[in-house]
Amino acid sequence: MKPSDDIEPVEVFSGTIWEAQLVKSLLENVEIETFLKDENTGTMAPWYTAAGGAGSVTVVVSNLDYDRARDIVAEFETNMRKNE
């Protein structure tokens, strides 16, 4: 059994490279460390990383920051829907 304080990567968002970079910036502004998964492949050949190429770049954070990150991502997604 693993201790509950083990750090593991967790995906909190997937989208286009543009959206993923915006989310990454929002999370880093509140001091949540993050990285983009499939940044290059998801941009150049998105159909290799996601079905139909939708949501091809993912934002990854530590499981310890997941709850805070999820709240920020939810607010971002709400604001994006308002602007469509």
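Residues numbered from 1 in each chain as written. Predicted model: local features only at pLDDT ≥ 70, side-chain atom pairs only at ≥ 80, totals over all residues. Heavy atoms only, no water.

(A) Quick peek at helix α1 (residues 17–29). Taking 1.5 Å per residue as the helical rise, α1 with its 13 residues ought to reach 18 Å, and the 18 Å between its terminal C-alpha atoms agrees with that figure. Among the residues of α1, those classed as buried are Ala20, Val23 and Leu27. The buried residues of α1 all sit within an arc of 65 degrees when viewed along its axis, so they share a single face. Away from its buried face, by an angle of more than 90 degrees, α1 presents the exposed residues Trp18 and Asn29. Against β1 (9–15), β2 (34–37), β3 (57–62) and α3 (66–82) lie the buried residues of α1. Note on α1: the residue one or two positions beyond its end, glutamate 31, has a positive phi of about 65 degrees. (Helix = DSSP H or I, 4+ residues; strand = E, 2+ residues; numbered from the N terminus. Expected span 1.5 Å × (residues − 1). Buried < 20%, exposed > 50% of the residue type's maximum accessible area, 1.4 Å probe, protein only. Arc of directions from axis to C-beta. Contact = heavy atoms within 4.5 Å.)

(B) Fine view of the side chain of serine 62. With respect to the element layout, serine 62 can be found in strand β3. Ignoring sequence-local partners within four residues, the contact set of serine 62 consists of Ile7, Glu8, Val10 and Glu33.

(C) Main features of the pairing of β3. Burial analysis of β3 places six of its six residues in the buried class, which makes it a mostly covered element. Pairing analysis gives four bridges linking β2 to β3, with the strands arranged antiparallel. The partner of phenylalanine 35 across the bridge, within β3, is valine 60. (Pairing = 2+ DSSP bridges.)

(D) Quick peek at unusual backbone geometry. Phi is positive for glutamate 31, close to 65 degrees, though the residue is something other than glycine. The exposure class of glutamate 31 is exposed, given its relative accessible area of 72%.

(E) Highlighting the packing of α1 against α3. In contact at an axis separation of 10 Å, α1 and α3 are set at 135 degrees when each is read in the N-to-C sense. Judged by the inter-axis angle, α1 sits oblique to α3. Crossing of α1 over α3 shows right-handed handedness. Together, Trp18, Glu19, Leu22, Val23, Leu26 and Leu27 of α1 and Ala69, Ile72, Val73, Phe76 and Met80 of α3 make up the contact between the two elements. Taken together, the residues that form the contact of α1 with α3 break down as ten nonpolar, no polar and one charged. (Axes fitted to C-alpha atoms, helices over the stretch in contact; angles between N-to-C directions. Parallel < 35°, antiparallel > 145°, perpendicular 65-115°, else oblique. Left-handed = near helix turned anticlockwise from the far one by under 90°. Nonpolar A, V, L, I, M, F, W, Y, C, P; charged D, E, K, R; others polar.)

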